[in-house]
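Structural features, examined
Chain by chain, the residues:
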Amino acid sequence: MSEKSLNSDLPMGTNAVFANMHKWLQRGLMVCLTALVLEGALTMPLLAVWYGWPTLSFQEICSELQKIRFSDDSRECIYPYPLFGPAEGAGQTTAKDQWGVQPVPEYKRIGYRELITIRNARLAQ
Amino acid sequence: MNQTTSPSLATSTKGLDEHYDQSRKAQRQADLWLMSGAIMLGTLVLGPIGFPVFLRGLSLQVKAQKAGLTVRPVLVTLVGYLVAIDAALNSFGWAMDMIAHHSLMNRTILTMWGNMFDAGYFWHYNELWIGGASAPGEKAWVFALLPIVFSMRLAAAIGFLQMKRWGHQWMVVTCWFGVVAWVGYVANMTIFADVRYANVVFPVVGWWLYDIFYISPFLAIPYLHSVNREIFSDS
């Protein structure tokens, strides 16, 4: 097969030397693009459902996450937050960690829709 | 078409012009849908709307190709949109962390995401005076990579998809920035793995989902350096 006819089958911009590499790059790019498109489409709804939406509103989820983050049940998610107010967590003293050069957080892992049961248990007290 | 029925040069040139005109229109139509979808996917919040929009663009692109129109090479489309979505996801997420860290949307979506995959966006969040992520080194990455890497990468991807010479050149530049960003960022997350992954919902799966699929520079760079640059136009 002449070089000309070989090249005529190749996509624009690809020459015969790099044809094989471009074929494998195309496969890898296809996998990554599919993964990123699915991530972009599904991340938000899956997160919302995992953390208790629509049973909990976004503001309630925000409050529950703050209570866990700072180990403080009195925390509430203030919304709308004052425009030039201090950072909401500034100066807090309740969060639990093992402090050191490698800090280790001590909050607990949150299970599937567990924020709902945590919230209901607290409200029942 | 004229070019197949008439032997005259003038008529076949006209046919060729028509073909390019149709091709340009088809490519532009597909790109309007694809880029709108990509930007919406990049916001995460509008992702579910962006998904069908992006797929519609993809189907228009494939249809134009099957109709024999002169559209962009598949590899340019793949590289361009992979980089565009990667850059949009990082640009919007980090812009929220930098200037909108106390918005309700940021405090729910970003800290939910942080609690599930990367506690750099959950651990002591909104505690620094400057707000946003508090994990060691993270805020510095936000300031360095948002304006210098990801916003520029989004612009470069648009120029690249338009097959402009500057788009190709800026893709090369920002993809190499991307290599520095990816290696530095992954090293930071590994060194401070306790902060990032202790007690998050999906630590290992999360690492794979949100680091491995951002390796676009490693796939784009070999293509950018081996493609025939003459296919990108100066105008």
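Source: prediction; values computed, not measured.

What about the overall build of chain B?
If you tally the helices and strands in chain B, you get 10 helices and 0 strands. What you see in chain B, going N to C, is helices and strands ordered as α-α-α-α-α-α-α-α-α-α. Each principal axis of the C-alpha distribution contributes one length, and for chain B these read about 75 × 35 × 30 Å. Per-residue burial over chain B gives 45% buried out of 235 residues.

Observations concerning the overall build of chain A
Check the secondary structure of chain A and you find 4 helices and 2 strands. Its helices and strands taken in sequence order, chain A reads α-α-α-β-β-α from the N to the C terminus. If you line up chain A on its principal axes, its C-alpha atoms span 80 × 40 × 30 Å. Classification of the 125 residues of chain A by burial places 28% in the buried group. Long-range pairs, those at least 24 residues apart, make up 43% of the contacts in chain A with a sequence separation of at least 6.

Brief notes about the packing of helix α2 (residues 19–50) of chain A against helix α4 (residues 74–99) of chain B
Where α2 of chain A contacts α4 of chain B, the axes come no closer than 9 Å and their chain directions differ by 35°. The interaxial crossing formed by α2 of chain A with α4 of chain B has left-handed handedness. On α4 of chain B, the residues touching His22, Leu25, Gln26, Leu29, Met30, Cys32, Leu33, Leu36, Val37 and Gly40 of chain A of α2 of chain A are Val74, Leu75, Leu78, Val79, Tyr81, Leu82, Ile85, Asp86 and Leu89 of chain B. A per-class count over the contact of α2 of chain A with α4 of chain B returns 15 nonpolar, 3 polar and 1 charged.

Concerning the interface of chain A and chain B
If you look at the interface, chain A gives 50 residues, while chain B gives 57 residues. When residues of the side of chain A that touches chain B are traced back to their parent elements, those giving at least two are α2, α3 (58–69) and β2 (104–105) of chain A. Per-element accounting of the side of chain A that touches chain B gives the leading share, 20 residues, to α2 of chain A. In the side of chain A that touches chain B, the residues fall into 33 nonpolar, 12 polar and 5 charged.

Examining the nonpolar core
The biggest cluster of nonpolar side chains holds 82 residues, and the ones touching the most others in it are Ala38, Val79, Leu82, Ala84, Ile85, Ala88 and Ala157 of chain B. Ranked by residue count, the leading element in this core is α4 of chain B, at 15 residues. Leu82 of chain B has contacts with Leu29, Cys32, Leu33 and Leu36 of chain A together with Ser216 of chain B, leaving out every residue within four places of it along the chain.

Some thoughts on helix α6 (residues 138–161) of chain B
Residue and element names in this part refer to chain B. Where α6 bends most, at Leu145, the angle is about 50°, and the proline Pro147 comes one to four residues later. If you check which residues of α6 are buried, you get Glu138, Leu145, Leu146, Val149, Phe150, Arg153, Leu154, Ala156, Ala157, Phe160 and Leu161. In the stretch just after α6, Met163 is the one whose phi turns positive, near 60°.

With respect to the confidence of the model for chain B
All names here are of chain B. For chain B, per-residue confidence averages 90 on the pLDDT scale, and residues scoring 70 or more make up 95% of the total. For chain B, the element scoring lowest by mean pLDDT is helix α1 (residues 2–5), at 41; helix α5 (residues 104–116) scores highest, at 95. Per-residue pLDDT stays below 50 along residues 1–6; that stretch engages in 10 contacts with residues further than four places along the chain or on separate chains. Here the prediction assigns the complex a pTM of 0.89, and the interface score ipTM is 0.89.

Conventions used here
- Residues numbered from 1 in each chain as written.
- Chains lettered and ligands numbered in written order.
- Predicted model: local features only at pLDDT ≥ 70, side-chain atom pairs only at ≥ 80, totals over all residues.
- Helix = DSSP H or I, 4+ residues; strand = E, 2+ residues; numbered from the N terminus.
- Buried ≥ 20, exposed ≤ 12 C-beta atoms within 10 Å, placed from the backbone.
- Contact = placed C-beta atoms within 7 Å.
- Axes fitted to C-alpha atoms, helices over the stretch in contact; angles between N-to-C directions.
- Left-handed = near helix turned anticlockwise from the far one by under 90°.
- Nonpolar A, V, L, I, M, F, W, Y, C, P; charged D, E, K, R; others polar.
- Core = buried A, V, L, I, M, F, W, Y, C linked by C-beta atoms within 7 Å.
- Bend = angle between axes of the 7 residues up to and from the residue.
- pLDDT = per-residue confidence, 0-100.

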